[in-house]
Amino acid sequence: MFGDRHTPKSGRAPLLHGWQPYSRSVIDVEATTYFLVRQALGTGKVPAPQAGKALAVVGDAAPFEGELQRDVLLCPLSAANATALRARLPWLNPQPLGLAKSAGCGDRLGLATPGHVRAVRAAGGKVPAPQAGIAPIWAQQSMRENARTGRTPQQVIDDAMWGLFQEGWREPWGADADHLKTTADVDLCAAAGYTFYTVDPGDHVDNEAHTASLEVLEGKVQRLPWDVLEDSPDGLRARYLDCRSEVEGLSIEFSPVILARAAAKYGRAIAHTVRMYRHLAARVHDFELEMSVDETETPTSVEEHWFIASELGRLGVRWVSLAPRYVGSFAKGVDYIGSLAEFEAQFAQHAAIARASGPYKLSLHSGSDKFSVYPIVARHTRGLVHLKTAGTSYLEALRAVAGTDPGLFRDILTLAREHYEVDRATYHISAQLSKVPAPAAVSDAELPGLLDEFDARQVLHVTFGSVLDLLGVRLLAALKADEEAYYARLEAHFRRHLAPFMD
Ligand code: ZN
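Given the structure is predicted, the values throughout are model-derived calculations rather than measurements.

A. How the structure looks around the environment of Leu-340. Along the chain, Leu-340 falls in helix α11 (residues 340-357). Separated by 36 residues in the primary sequence, Leu-340 and Ile-376 place their C-alpha atoms 8.7 Å from one another.

B. Examining the sheet that holds strand β16 (residues 385-389) more closely. Here eight strands make up a closed barrel; going around it, the order is β7-β8-β9-β10-β13-β14-β15-β16 and the pairing parallel. The average angle at which neighbouring strand axes cross in this sheet is 25°, direction not considered. In this sheet, β16 lies alongside strand β7 (residues 102-105) in parallel orientation, the contact comprising four bridges. Directly across from Cys-105, in β16, lies its bridge partner Thr-389. Most of the contacts of helix α5 (residues 183-191) go to strand β9 (residues 174-180), to which it runs at about 165°, and overall it touches β9 and β10 (196-199).

C. Spotlight on the coordination of the zinc ion. Taken together, His-179 (NE2), Asp-294 (OD) and His-365 (ND1) make up the protein donors of the zinc ion, found 2.0 to 2.7 Å from the metal. Read from N- to C-terminus, the donor residues coordinating the zinc ion fall into the pattern H-x114-D-x70-H. Of this pair, His-179 sits in strand β9 while His-365 sits in the loop between β15 (361-364) and α12 (374-381), placing them 186 residues apart in sequence. You'll find His-179 and His-365 in the same group, each marked buried.

D. Structural context of the pattern of salt bridges. Counted by the stated rule, this structure contains 36 salt bridges. Salt bridges here are not isolated pairs; linked through shared partners, they connect Arg-24, Arg-118, Glu-167 and Glu-484.

E. Representation of the pairing of β10 in the model. Of the two faces of β10, both are covered, the one formed by Phe-196 and Thr-198 as well as the one formed by Tyr-197 and Val-199. Where β9 and β10 come together, three bridges link them in parallel fashion. Bridging across to β10, Leu-180 finds its partner in Val-199. On the question of chirality, the crossover connecting β9 to the parallel β10 by way of α5 is right-handed. Across four bridges, β10 lies against strand β13 (residues 288-292) in parallel orientation. From the neighbouring strand, Tyr-197 faces β13, where its bridge partner is Leu-289.

F. Representation of the nonpolar core within the structure. Counting 150 residues, the largest nonpolar core has Tyr-34, Leu-55, Leu-85, Phe-165, Tyr-197 and Phe-343 as its most contacted members. It is helix α9 (residues 256-281) that provides the largest number of residues to this core, a total of 13 residues. Residues contacting Leu-85, with those up to four places away along its chain left out, are Tyr-34, Leu-55, Phe-64, Leu-92, Met-161, Trp-162 and Phe-165.

G. Broad picture of unusual backbone geometry. The omega angle of the peptide bond from Gly-358 to Pro-359 is 5°, so this bond is cis rather than trans. Of note in this structure, Glu-30 is not a glycine but carries a positive phi near 50°. By the secondary structure assignment, Glu-30 is in the loop between β2 (27-29) and β3 (32-39). Notably, Arg-70 is not glycine yet its phi reads approximately 55°, a positive angle. With respect to the element layout, Arg-70 can be found in the loop between β5 (67-69) and β6 (72-76).

H. Looking closely at the domain arrangement of the protein. Taken as a whole, the protein is organised into domain 1 (4-80), domain 2 (92-205 + 259-390) and domain 3 (392-497). Here domain 1 and domain 2 have C-alpha centroids that lie 34 Å from each other. Across the contact, 16 residues belong to domain 1 and 13 residues belong to domain 2. Interface of domain 1 and domain 2: buried area, both sides summed, is about 1200 Å²; carbon and sulfur atoms make up 57% of it. Interface area lost by domain 1 to domain 2 is led by Arg-24, Pro-49 and Gln-50, which between them contribute 43%.

I. Region of the structure containing the packing of aromatic side chains. Applying the stated criterion across every chain, the model contains 18 aromatic pairs. Relative to Phe-254, the ring of Tyr-240 has its centre 5.1 Å away and its plane inclined at 70°; by these criteria the two rings are edge-to-face. Here Phe-254 lies in the loop between β12 (250-253) and α9 and Tyr-240 lies in helix α8 (residues 233-240), a separation of 14 residues in the sequence. The residues Tyr-240 and Phe-254 share a single accessibility class, namely buried. Judged by centre distance (5.2 Å) and plane angle (25°), the rings of Phe-343 and Phe-347 are stacked. Residue Phe-343 and its partner Phe-347 are located together in helix α11, separated by four residues, close to a single helical turn. Through a chain of ring-to-ring contacts, three or more aromatic side chains come together here, namely Tyr-326, Phe-330, Tyr-336, Phe-343 and Phe-347.

J. Geometry of the packing of helix α14 (residues 406-423) against helix α15 (residues 454-462). At a minimum axis separation of 8 Å, α14 and α15 run at an interaxial angle of 80°. As summarised for this structure, α14 and α15 are arranged roughly perpendicular, according to the angle between their axes. From α14, Phe-409, Ile-412, Leu-413, Ala-416, Arg-417, Tyr-420 and Asp-423 reach across to α15, where they touch Val-459, Leu-460 and Val-462. Tallied by class, the residues present in the contact of α14 with α15 amount to eight nonpolar, no polar and two charged.

K. How the structure looks around the side chain of Arg-118. Looking at where Arg-118 falls in the secondary structure, it is placed in helix α2 (residues 113-122). When its relative accessible area of 15% is taken as the criterion, Arg-118 is described as buried. Discounting residues that sit within four places of it in the chain, Arg-118 has contacts with Arg-24, Glu-167, Glu-484, Tyr-487 and Glu-491.

L. A look at the side chain of Glu-311. Positionally, Glu-311 belongs in helix α10 (residues 302-314). By relative accessible area, Glu-311 is classed as buried at 4%. Of the polar contacts made by the side chain of Glu-311, one reaches the side chain of Tyr-240; its length is 2.6 Å.

Thresholds, definitions, all that
- Residue numbers run consecutively from 1 along every chain, following the written order of its sequence.
- Two thresholds apply to this predicted model, a pLDDT of at least 70 for residue-level local features and 80 or more for giving and counting side-chain atom pairs, whereas whole-chain, interface and lining totals are computed over all residues.
- Hydrogens and water molecules were not included; the side-chain quantities draw on all heavy atoms of the structure.
- Helix numbering and strand numbering both begin at the N terminus, where a helix is a DSSP run of H or I of at least 4 residues and a strand a DSSP run of E of at least 2.
- Here, strands pair whenever DSSP counts at least two bridges between them.
- Simply put, an axis is a line fit to the C-alpha atoms, just over the touching stretch for a helix, and the angle between two N-to-C directions goes from 0 to 180 degrees.
- Contact definition: two residues touch when any of their heavy atoms are within 4.5 Å.
- Distances define the donors: N, O and S atoms within 2.8 Å of the metal qualify, as do those within 3.2 Å of Na, K or Ca. Water is excluded, so some sites may look unfinished.
- With a 1.4 Å probe rolled over the protein chains alone, any residue whose accessible area is under 20% of its type maximum counts as buried; one over 50% counts as exposed, and the rest are partly exposed.
- Whenever Lys or Arg places a side-chain nitrogen within 4 Å of a carboxyl oxygen from Asp or Glu, that contact is recorded as a salt bridge.
- Note on handedness: a clockwise path from strand one over the helix to strand two, with the strands aimed away from the viewer, defines a right-handed crossover.
- Remark: nonpolar core denotes a set of buried residues (Ala, Val, Leu, Ile, Met, Phe, Trp, Tyr, Cys) joined through side-chain atoms within 4.5 Å.
- Note that the domain bounds reflect an automated or database-derived domain assignment.
- Throughout, the accessible surface (probe 1.4 Å) given up by two parts as they are put together, summed over both, is called the buried area.
- Here is the rule: rings of Phe, Tyr and Trp (six-membered ring for Trp) pair when centre to centre is within 6.5 Å. Planes less than 30 degrees apart are stacked, more than 60 are edge-to-face, and the remainder are tilted.
- Each angle receives one of four descriptions, namely roughly parallel if under 35 degrees, roughly antiparallel if over 145, roughly perpendicular if within 65 to 115, and oblique otherwise.
- For this scheme, ten residues count as nonpolar: Ala, Val, Leu, Ile, Met, Phe, Trp, Tyr, Cys and Pro. Four count as charged, namely Asp, Glu, Lys and Arg, and the remainder, Gly too, count as polar.
- In protein, a polar contact requires one atom able to donate a hydrogen and another able to accept it; more generally it is a pair of N or O atoms within 3.5 Å, and residues adjacent in sequence count only if both atoms are side-chain atoms.

Here it is as structure tokens:
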């Protein structure tokens, strides 16, 4: 899409003493050649994801900072060099992906993007055709994850960018600022160039309303922020009561109690989303929005989904995807827990509403490893779907290390068991520590298999912050010592995620 002069010429990478080129990265643009290299020998302890790698520039290298080796400028993978490279190679900038079927590949370590790229390529990933391939979101991280990994929103984008550059990805890709709760979060991510903003108004959802009586609900409705909602309780009732909507054979009707429950439960969340959207629209020219209430306690009914979409639309919000709280449990890193029949019945209705009210995509958060629901989701969304994964890439890193460095994996497991009860606090998970074996009780050969056990997976999943704090340097060094092993595991694992969506 960028023309012939951008066609990579892999023969152009010159020989560099002590460095090996990544052949897929080599690209020649306007008489300047760019490619990524890694140190040929072991790099010992590496403190950062991109240490031991460099950008090589031959030709017009003026905006880059580095050291000359013959006629090649070897540049550290710094923020300044990332910015300079994005200015030269425009496809290294994230961009909005619209309604294309998409997958978000969160990466807590900053090393996984090459594996993600290989999986999406293998699945036939290209945009913009909405029904074919998968549009990738290579950078995706919530503020909570940034706090735990010690990375900034900018580093998350830069790490993903170096990964896709390494693999020679030249198609559009997105960057998801996930689970934003405040306008300050928005500002940080806008400065870093994110394109996809996931607004999480979950703190403003009134879960009590789920079971409250009509009398209590009406009191709650009275106290909603009607100024932000540009409405009144009477106006609300006039719009929703005594009228019926037909959506693909599904009839949506609001009784006084259903309406009061929807408004009481989600009214403040809608107001918060409107505030966040307007803040964003005033600062970022080209962006797309997701509204997400997936991390709340009570499921979003079909009427409530309709209500949220209608109200956001009335208030001028535009969005490309929405994540209701579905029935059942989407626990981190393990398959769906709940009745698949009940999930399918409701999901089909949510998908119909997303088509009729938007269209927009239905978003599947905590979408890692939900192998039993993917066929249902793919069938009913008909391509209007966004799949979010994050922690599963970290778990595949641990699986790789369990094979290549059993001693390190045992230390990680010991630490995870010690920190689980504290670290689990902000997650919806149910693992029991008593079901996770002590490292001494497991042979080396059995260690990778722990990544297939429900309780061990969850315990390892939610303790990543503690592990990165205390063992992060060793973990990164082990992965980088055999990065192809990690990429291969990621590719295989993500192909299983994407295959159900490719039919
Ligand atoms: Zn989420």
